[in-house]
Number of protein chains: 2
Amino acid sequence: MRTLRAGASRLPAQIQVVRTGAGGTTRPAAIGPAPRDAIVVGECVAEMDRLPAGSVDLVFADPPYNLQLENALSRPDQSLVDAVDDDWDKFVDFAEYDAFTRAWLAAARRVMKPNATIVVIGSYHNIFRVGSILQDLGFWILNDIVWRKTNPMPNFRGRRFTNAHETMIWAARGQDAKGYTFNYEALKAGNDDCQARSDWLLPICTGGERLKDKAGRKTHPTQKPEALLARVLIAASNAGDLVLDPFFGSGTTGAVARRLRRSYIGIERDPSYAAAARARIAAVEPLDDEAVAIAPTRRNEQRIAFASLVETGVVAAGERVFDARRRHCALVRADGTLAAGPAIGSIHKIGALVQGLPACNGWAFWHVERGGDLTSIDVFRADARASLREAAGL
Amino acid sequence: MRTLRAGASRLPAQIQVVRTGAGGTTRPAAIGPAPRDAIVVGECVAEMDRLPAGSVDLVFADPPYNLQLENALSRPDQSLVDAVDDDWDKFVDFAEYDAFTRAWLAAARRVMKPNATIVVIGSYHNIFRVGSILQDLGFWILNDIVWRKTNPMPNFRGRRFTNAHETMIWAARGQDAKGYTFNYEALKAGNDDCQARSDWLLPICTGGERLKDKAGRKTHPTQKPEALLARVLIAASNAGDLVLDPFFGSGTTGAVARRLRRSYIGIERDPSYAAAARARIAAVEPLDDEAVAIAPTRRNEQRIAFASLVETGVVAAGERVFDARRRHCALVRADGTLAAGPAIGSIHKIGALVQGLPACNGWAFWHVERGGDLTSIDVFRADARASLREAAGL
DNA sequence: GCCAAATTTGAATCGATAG
DNA sequence: ACTATCGATTCAAATTTGG
């Protein structure tokens, strides 16, 4: 349970709902600056075509699964399973589903920034079509991610394995897009300092989180858990980023985006879903900046030159550096290079040379003698960074 | 360890190796009764075309994955990863891979009995192509099954999630094939009387099971674990059934089939792989008829990430954690890290930092306020474990 | 011989930047 | 588009080496 704090009740005035004309048929034009924190009622391809190219940082899509249910399914006690039988999940054949998929993925790709990524969730009914078309359109798959459900619906007929997972495909806009957002360090720190895997274990959406009408019927048949979206947004976006969800449904993406201080655009063709999403998001309290700011990573830390350690005397010119087991050693020169026999070069080059390797991280490899023990030169780099931060008033 | 029993040492006289003419180009004809317990050296499409239609009970296929590796990958210690760079995994583009896939799947479909099923394993590189083509050819997908690896290769660059699983697609010959084999009760009985799920946790193939040459080099780059094949054969075939593997490789399918008293046909185009498979299978001791039952693995999967407690709201992002005597405190961030002043890191790292210690068990150290009192976060971890066990039906 | 420590390895579409 | 440089990056399990 989340409790309200001071300021919690302020309304999200920035939430807008844009409506297409009745019928919601194709209607291009628009292409101003992309709206932020908006729900658009309309067809997703037409509405994406109205957004400016290269404007969103992340796409999360939960498209129709193209379930092929021919008969009603009943439980062993003869009660009826409330299956997905909505019009939006009816496709005549694979060709039609493929054409639909190609259209919305192409539209999504246009509005993605060059370094944006896309996450599409699906089941075996549709995910192979989606994955193939993603590849055909030039997307570059980064991972397929398995959402393992702690509490899946059992297989009542006993003719298959319990369908206990869904699959997400995470893809960059293209093979050359190397600068995509992946908050590796944050995910690792949140996972007992162990790198995050491609299989995620999470419960399905139930209980108080599941939207229901007054009669207790679920508002949307495939509402995704907020925990799933939270992990997606934390992994592949930063605070302030713009997240597009072309199949907004009950608005889980918007609710989590607002809580994590991302902006969102949700496109939904059913006005009643859009209304439910709007009310839901309005009740969300964004987290404090501090709770969602990007964790600093080693990648974006201040660079320290080994030469500056020598200049300041932290490591003395003329002393010797060793590897952790004293199998190799080298001489520190006044200009911040090392000498090993006739060879002179950077801490990395000489580290690689003495080991006969193509490369080496000299910061991790070399140590100096302090009080009889060996101390990694990386310790002195960390000290230098700390004093730099202090000097900067942090 | 399997011990030899009376009659155990009889040689598998029925193992035959059939060879195509040199070059192994297309060579139809044949179509007598299907061979049993045979390894055929040749191209899989041509060799399948020589088998009679409707003759096999199960197809297991581990086709080339179409990896598209451009550069060498080295570990942090500069050792080189032995990547798959074999000729059989070279395709110029997706179109060529698709044509190849369509050809072998169509050939396999012809030789399947009406109620036969097929299992194809792959990774995100190829599985979406395979799944789409299966559907296009009229196969009816029954499940996608996730093989979760207990010991996957880590992601060395920190740019993606650890690729910790592979995907199998299990499909019937067509939508109308209702009489396929699925040993539901056996799987359930072997799984603590709990329905078998679509996610399987198994180690990769290492140790004594991994075939190696005299120099210690692995015989085949992608040898699958026998436990995986055993579960497939137990689930989708019966003793005496004929199992076809068109990409036989090191012969895992044949070895497990022989042990579980199924017959097999293995097609392999590389004579040296076929020879290794033949020797391997000859050493396998078939189980007693009654012993052909299930040995399920339920491994400890108790690891709970602090991030998952935050995602599910058990611990709220934005709240504060304290040590038992409230001498230290930190802020819970949405990604499951803690913030103490400017420092951000895991529960362990920040616990160590605030105490000025080199290490700290964050689970034991940190507490949250609940009803005015402090509760150890380890209590919530224990709760999460308990509900996991419950969800697993234990 | 036994236990501890060190080493090896696995289907991988795995950098950024300056010049 | 290319090269050279800097320096960032790993988990589980089996096997080998050392004490």
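Residues numbered from 1 in each chain as written. Chains lettered and ligands numbered in written order. Predicted model: local features only at pLDDT ≥ 70, side-chain atom pairs only at ≥ 80, totals over all residues. Heavy atoms only, no water.

**Regarding the protein's contact with DNA strand C**
Item 1. DNA strand C sits among 42 residues. The nearest are A:Lys178, B:Gln68, B:Arg75, B:Tyr124 and B:Arg157.
Item 2. Of all atoms in DNA strand C that approach within 4 Å of the protein, 48% are sugar or phosphate atoms.
Item 3. In the model, a base nitrogen of DNA strand C is placed 3.1 Å from a nitrogen or oxygen of the B:Pro63 main chain.
Item 4. Contact distances for DNA strand C include 2.9 Å between a phosphate oxygen and a side-chain N or O atom of B:Arg210.
Item 5. Partitioning the surface near DNA strand C into residue classes produces 20 nonpolar, nine polar and 13 charged. (Near = heavy atom within 4 Å. Polar contact = N/O pair within 3.5 Å; in protein donor to acceptor, adjacent residues only side chain to side chain. Nonpolar A, V, L, I, M, F, W, Y, C, P; charged D, E, K, R; others polar.)

**Quick notes on the interface of chain A and chain B**
Item 1. Counting residues at the interface gives 77 residues for chain A and 81 residues for chain B.
Item 2. Looking only at chain A, the three residues that lose the most surface to chain B are A:Phe128, A:Arg159 and A:Phe161, adding up to 13% of its buried area.
Item 3. At the boundary of chain A with chain B, the tally comes to six salt bridges.
Item 4. Notably, a salt bridge pairs A:Asp136 with B:Arg129, separated by 2.8 Å at the nearest N-O pair.
Item 5. Summed over the shared surface of chain A and chain B, the result is 44 residue pairs in polar contact (both at pLDDT 80 or more). (Contact = heavy atoms within 4.5 Å. Buried area = accessible area lost by both parts, 1.4 Å probe. Salt bridge = Lys/Arg side-chain N within 4 Å of Asp/Glu carboxyl O.)

**Things to note about the domain arrangement of chain A**
Many descriptions give the size of an interface as the accessible area lost when the pieces come together.
Item 1. Under the domain assignment used here, chain A contains domain 1 (38-70 + 80-291) and domain 2 (306-392).
Item 2. Once you take the C-alpha centre of each, domain 1 of chain A and domain 2 of chain A turn out to be 48 Å apart. (Domains from an automatic or database assignment.)

**So, the packing of helix α2 (residues 94-111) of chain B against helix α3 (residues 127-136) of chain B**
Residue and element names in this part refer to chain B.
Item 1. Running from N to C, α2 and α3 cross one another at 50°; their axes reach a closest spacing of 10 Å. Between α2 and α3, the angle falls in the class oblique. The interaxial crossing formed by α2 with α3 has right-handed handedness. Contacts between α2 and α3 involve Phe94, Tyr97, Asp98, Thr101, Arg102 and Leu105 from the first element and Arg129, Val130, Ile133 and Leu134 from the second.
Item 2. Its residues placed into classes, the contact of α2 with α3 shows six nonpolar, one polar and three charged. (Axes fitted to C-alpha atoms, helices over the stretch in contact; angles between N-to-C directions. Helix = DSSP H or I, 4+ residues; strand = E, 2+ residues; numbered from the N terminus. Parallel < 35°, antiparallel > 145°, perpendicular 65-115°, else oblique. Left-handed = near helix turned anticlockwise from the far one by under 90°.)

**Details of the pattern of salt bridges**
Item 1. The full count for this structure, using the stated rule, is 37 salt bridges over all chains.
Item 2. We note a salt bridge from B:Asp199 to A:Arg148, for which the minimum N-O separation is 2.6 Å. Here B:Asp199, found in strand β7 (residues 199-202), pairs with A:Arg148, found in strand β5 (residues 140-149), and the two come from separate chains. With respect to class, B:Asp199 is no different from A:Arg148; both count as buried.
Item 3. Between B:Glu226 and B:Arg280 there is a salt bridge whose closest N-O contact spans 3.0 Å. One end of the pair, B:Glu226, is in helix α5 (residues 226-236); the other, B:Arg280, is in helix α7 (residues 271-282), and 54 residues separate them in sequence. Comparing B:Glu226 with B:Arg280 shows no difference in burial state: the two are buried.
Item 4. Salt bridges sharing common partners tie together A:Asp98, A:Arg129 and B:Asp136. (Buried < 20%, exposed > 50% of the residue type's maximum accessible area, 1.4 Å probe, protein only.)

**A look at the protein's contact with DNA strand D**
Item 1. Near DNA strand D you find 29 residues, and of these A:Tyr184, A:Lys188, A:Gln195, A:His348 and B:Gly207 are the closest.
Item 2. Those atoms of DNA strand D that come within 4 Å of the protein belong to sugar or phosphate at a rate of 60%.
Item 3. Interatomic distance of 3.0 Å between a side-chain N/O atom of A:Arg381 and a phosphate oxygen of DNA strand D.
Item 4. Contacts to DNA strand D include B:Phe156, whose backbone N or O atom sits 3.4 Å from a sugar or linking oxygen.
Item 5. Broken down by secondary-structure element, the contributors of at least two residues to the surface near DNA strand D are α4 (184-189) and α10 (347-355) of chain A.

**Section: the packing of aromatic side chains**
Item 1. With the rule as written, the count across this model stands at 27 aromatic pairs over all chains.
Item 2. Seen from their ring centres, B:Phe91 and B:Tyr97 are 4.9 Å apart, and the 85° between their planes marks the pair as edge-to-face. Summarising the burial analysis for this pair, B:Phe91 and B:Tyr97 share the class buried.
Item 3. Aromatic pair B:Trp170 and B:Phe182: ring centres 5.3 Å apart, planes at 45°, arrangement tilted. Of the two residues, B:Trp170 is situated in strand β6 (residues 165-172) and B:Phe182 in the loop between β6 and α4 (184-189); the sequence distance between them amounts to 12 residues. Pair check on accessibility: B:Trp170 and B:Phe182 agree, each one buried.
Item 4. Its guanidinium or amino end placed over the ring of A:Tyr180, B:Arg159 lies 4.3 Å from that ring's centre, counting from NZ or CZ.
Item 5. The ring centre of B:Phe322 lies 5.2 Å from the NZ or CZ of B:Arg326, which sits over that ring. (Phe/Tyr/Trp six-rings, centres within 6.5 Å; stacked < 30°, edge-to-face > 60°. Lys NZ or Arg CZ within 6 Å of the ring centre and 35° of its normal.)

**Describing the state of the cysteines**
Item 1. The full count for this structure, using the stated rule, is zero disulfides over all chains.
Item 2. Looking at the unpaired A:Cys329, the closest cysteine sulfur is the one in A:Cys360, lying at 15 Å. (Disulfide = S-S within 2.5 Å.)

**Topic: the environment of A:Ala106**
Residues and elements named next belong to chain A.
Item 1. Residue position: Ala106 is located in helix α2 (residues 94-111).
Item 2. Take Ala106: its relative accessible area is 37%, and that puts it in the partly exposed class.
Item 3. Considering only alpha carbons, one finds Ala106 and Val146, 40 residues apart in sequence, at a separation of 24 Å.

**A few points about the sheet that holds strand β12 (residues 338-340) of chain B**
Residue and element names in this part refer to chain B.
Item 1. Strand order in the open sheet made by the six strands is β13-β12-β11-β10-β14-β15, with antiparallel pairing throughout. Looking at the sheet topology across the chains shown, the edges are occupied by β13 (343-345) and β15 (373-376). Put simply, the sheet's adjacent strands are angled 40° from each other on average, direction ignored.
Item 2. The sheet contact formed by strand β10 (residues 320-322) and strand β11 (residues 329-332) spans three bridges and is antiparallel. Counterpart to Val321 in the pairing with β11 is Ala330. (Pairing = 2+ DSSP bridges.)

**Structural notes on the pairing of strand β3 (residues 56-61) of chain B**
Residue and element names in this part refer to chain B.
Item 1. Counting buried residues in β3 gives six out of six residues, a clear majority hidden from the surface.
Item 2. Where β3 and strand β4 (residues 112-122) come together, five bridges link them in parallel fashion. Note on β4: the bridge partner recorded for Ala61 is Val120.
Item 3. Note that the unit made of β3, α2 and β4 has a crossover that is right-handed.
Item 4. As paired elements, β3 and strand β8 (residues 242-245) share two bridges and run parallel to each other. (Right-handed = clockwise from strand over helix to strand, strands pointing away.)

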